[in-house]
Amino acid sequence: MLQAEATTLPVRHHWTLGLFRSELTTTFRRWRTLALLGVLAAVPVLIGIAVKIETSDGGPVGNGGGGGPAFITQITNNGLFLVFAALAATLPVFLPMAIGVVAGDAIAGESNSGTLRYLLVAPAGRTRLLLAKYAAACAFCLVAALVVAASALAVGSLLFPLGDVTTISGTQISFGDGLLRAGLVAVVVAASLTGIAALGLFVSTLTGSGIAAMATTVGLLITVQILDSIPQLHGIHPYLFPHYWLSFSDLLREPVYWDEVLKNLGLQGVYAAVFGSAAWARFAAKDITA
């Protein structure tokens, strides 16, 4: 009996990994996903070209007014700052909307296309299927953030000089150290999106329409961001998942200021746990008819 259980456990792990690989393949083969990544990659290109054109006469960005995304005024001095500016520009809207589309379609899209029942006929189980869907959504979070960072680094190196990085604290670090911090920032940005991914997955279990799930997730994202921008509601701001999104800028201090970064990661963990559990409770009890 013990031997049977021992042989069953690796099989289950193998099936779970196979299911995750299948979800990854399905997700990144969709034209919609590739189009989203293409749009995200185009944002740093547009920012870089706009900054290059505006500063072609030697003037400062925004005529010295400091307008635009964070870090944009430093791009002309060091192209690496285009990575931080692009992530700051895409994080409030473009990145979470892309995650909302992918996560919102995770279960509802399968139900709408009539493939959800067949997925559950295989010995996957609802829990493992849901975990695979969420893991694939989190993988998309990481890939999306890295696509923005990689595109920004390529454009920044082509249009602007590269060199030692001046931190927010006013000290200088080497370009290699700055590059490592850029990679860390991209990972933190990806982790910042895991909360909206869990929310989208939960919404996806509530409906059989992929379009409705995606629209609802994006609508909730916009609503929460509006609430986070109203000063009179400052009491609830620390509990809203976008509130600490831009805390990644503290990674560019010397030494690194971790307080709000850790608050952000902890808050995303809470949202992932709450809405992940809600998605599991809903999906486990859901009557699958399609």
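Residues numbered from 1 in each chain as written. Predicted model: local features only at pLDDT ≥ 70, side-chain atom pairs only at ≥ 80, totals over all residues. Heavy atoms only, no water.

Secondary structure assignment for the protein yields 10 helices and 2 strands. Secondary structure elements of the protein occur, N-terminal to C-terminal, as α-α-α-α-α-α-β-β-α-α-α-α. For the protein, the residues scored as buried account for 42% of the 290 residues in total. Put simply, 75% of the contacts in the protein that link residues at least 6 apart link residues at least 24 apart. Accessible area of the protein: about 13800 Å², with a carbon and sulfur share of 67%. (Helix = DSSP H or I, 4+ residues; strand = E, 2+ residues; numbered from the N terminus. Buried < 20%, exposed > 50% of the residue type's maximum accessible area, 1.4 Å probe, protein only. Contact = heavy atoms within 4.5 Å. Areas by Shrake-Rupley, 256 points an atom, 1.4 Å probe, with all protein chains shown as cover.)

What follows covers the nonpolar core. Counting 76 residues, the largest nonpolar core has Ile-75 and Phe-248 as the members making the most contacts within it. Of all elements in the fold, only helix 2 (31–54), helix 3 (81–90), helix 4 (94–113), helix 6 (126–159), helix 7 (175–192), helix 8 (194–204), helix 9 (210–228) and helix 10 (259–285) reach the threshold of two or more residues within this core. Counting residues per element, this core draws most heavily on helix 6, at 13 residues. (Core = buried A, V, L, I, M, F, W, Y, C linked by side-chain atoms within 4.5 Å.)

A surface patch of nonpolar side chains, about 310 Å² in accessible area, is lined by Val-39, Val-93, Phe-94 and Met-97. With respect to the helices, strands and loops of the structure, Val-93 is situated in the loop between helix 3 and helix 4. When its relative accessible area of 37% is taken as the criterion, Val-93 is described as partly exposed. (Patch = residues over 30% accessible without salt bridge, like charges linked within 9 Å, V, L, I, M, F, W, Y side chains within 5 Å. Salt bridge = Lys/Arg side-chain N within 4 Å of Asp/Glu carboxyl O.)

Right, let's get into the packing of aromatic side chains. What the rule picks out here adds up to 6 aromatic pairs. With a centroid separation of 5.9 Å and 50° between ring planes, the pair formed by Phe-202 and Phe-275 is classed as tilted. Here Phe-202 is found in helix 8, whereas its partner Phe-275 is found in helix 10, with 73 residues between them in sequence. On the numbers, 5.9 Å between centres and 15° between planes, the contact of Tyr-271 with Phe-275 is stacked. One end of the pair is Tyr-271 and the other is Phe-275, both in helix 10 and 4 residues apart, which spans about a single turn. Since its relative accessible area comes to 16%, Tyr-271 is described here as buried. Here the aromatic cluster, defined as three or more aromatic residues joined through ring pairs, consists of Phe-202, Phe-241, Trp-245, Tyr-271 and Phe-275. (Phe/Tyr/Trp six-rings, centres within 6.5 Å; stacked < 30°, edge-to-face > 60°.)

A word on the environment of Cys-138. Turning to its location among the elements, Cys-138 is positioned in helix 6. Residue classification places Cys-138 among the partly exposed positions, given a relative accessible area of 22%. Put simply, Cys-138 and Ala-190 are 52 residues apart on the chain and 7.7 Å apart in space, counted from C-alpha to C-alpha.

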